[in-house]
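Observations on the model geometry
Single-letter residue listing:
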Amino acid sequence: MPTPDTATPVDAQPGFLKRWWRWFWSPARAIALGTLVTLGFGAGVIFWGGFNWALEITNTEQFCISCHEMKDNVFTEYRTTVHYANRSGVRASCPDCHVPKDWGHKMIRKIRASNELYHHLLGTVSTPEKFNSKRLQLAVNEWSRMKTSDSRECRNCHKFDFMDYSTQEPRASKTHQEALTNGRTCIDCHRGIAHKLPPNANEAYQKLSESLSTGSNKALTDYLDSLAPKAQAAPVK
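So, here's what we can say about the structure. Keep in mind the model is a prediction, meaning the values are calculated, not measured.

**Remarks on the packing of aromatic side chains**
Scanning the entire structure with this criterion turns up eight aromatic pairs. Plain terms: the ring middles of Tyr78 and Tyr84 are 5.2 Å apart, the flat faces sit at 85° to each other, and that makes the pair edge-to-face. Take Tyr84: its relative accessible area is 22%, and that puts it in the partly exposed class. One Lys or Arg, Arg191, reaches over the ring of Trp143 and ends 5.9 Å from the middle of that ring. The ring of Tyr205 is capped by Arg191, whose NZ or CZ atom sits 4.0 Å from the centre of that ring.

The following block contains the structure:
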């Protein structure tokens, strides 16, 4: 039993907030599980909200053109097209065309985009000259993604099933109906509508289509290699 000399003065007792904090982190066994579940749920909500917030930030045009490679090259071209400005004021921005809407495909695209960040750090396309030398390969990569997904992002706005062919120009109406019947996809015809087509674009796309149909990339790879500038040996001094 404490003596008057050893008793703890009332003024020396921990404050309410301090006692509550100790209790919160040292709960009784009966409520320990509930506390952990509550904390885990709260942390999960915060993490999930933060993750989605960061994900949506990367799905904005401002983020896409924060790198000069995009702003000074393809974005400049895009601003002169109907997808940027038109009479109706409806725009298709960078993520509308290049990032899937549904969660699964979006995450796959984000993971693959890490390779683009890697090459940004390497400076692979850091100048207009470097960019143009890689333009055909970059275009083929994107055409391949769109071809294999049946132009999924295009179809967020443009769908054969809901087109009023009677109001289209005769040539466009005929082409669209033939494409629907023959199972063709948007990118088969609509290349270069938002960005400048590189030289040999049509030939490269034909090789891409052949590669996808045969399951072998050899013909496409050989074709692209044949167009690449050949390295010259340094002169002997």
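**A short note on a nonpolar patch on the surface**
The grouping of Phe16, Leu17, Trp20 and Trp21 at the surface amounts to a nonpolar patch, some 520 Å² of accessible area in total. Positionally, Trp20 belongs in helix α1 (residues 16-25). The exposure class assigned to Trp20 is partly exposed, which follows from its relative accessible area of 38%.

**Some thoughts on helix α7 (residues 128-148)**
Counted at 1.5 Å a residue, the expected span for α7 with its 21 residues is 30 Å, and the 29 Å between its end C-alpha atoms agrees. In the structure, α7 departs most strongly from a straight axis at Arg135, where the bend amounts to approximately 50°. Residues of α7 that are buried: Phe131, Arg135, Leu136, Ala139, Val140, Glu142, Trp143, Arg145 and Met146. Residues of α7 that are buried make contact with α4 (68-78), α5 (94-98), α6 (103-122), α9 (201-214) and α10 (218-227). Note on α7: the residue one or two positions beyond its end, Asp150, has a positive phi of about 60°.

**A look at the nonpolar core**
Of all hydrophobic cores here, the largest spans 13 residues; its most connected members are Val140, Trp143, Leu208 and Leu224. Ranked by residues supplied to this core, first place goes to α7 with five residues. Excluding its chain neighbours within four sequence positions, the residues that come into contact with Val140 are Ala204, Leu208, Leu220 and Leu224.

What counts, and at which threshold
- Residues numbered from 1 in each chain as written.
- Predicted model: local features only at pLDDT ≥ 70, side-chain atom pairs only at ≥ 80, totals over all residues.
- Heavy atoms only, no water.
- Phe/Tyr/Trp six-rings, centres within 6.5 Å; stacked < 30°, edge-to-face > 60°.
- Buried < 20%, exposed > 50% of the residue type's maximum accessible area, 1.4 Å probe, protein only.
- Lys NZ or Arg CZ within 6 Å of the ring centre and 35° of its normal.
- Patch = residues over 30% accessible without salt bridge, like charges linked within 9 Å, V, L, I, M, F, W, Y side chains within 5 Å.
- Areas by Shrake-Rupley, 256 points an atom, 1.4 Å probe, with all protein chains shown as cover.
- Salt bridge = Lys/Arg side-chain N within 4 Å of Asp/Glu carboxyl O.
- Helix = DSSP H or I, 4+ residues; strand = E, 2+ residues; numbered from the N terminus.
- Expected span 1.5 Å × (residues − 1).
- Bend = angle between axes of the 7 residues up to and from the residue.
- Contact = heavy atoms within 4.5 Å.
- Core = buried A, V, L, I, M, F, W, Y, C linked by side-chain atoms within 4.5 Å.

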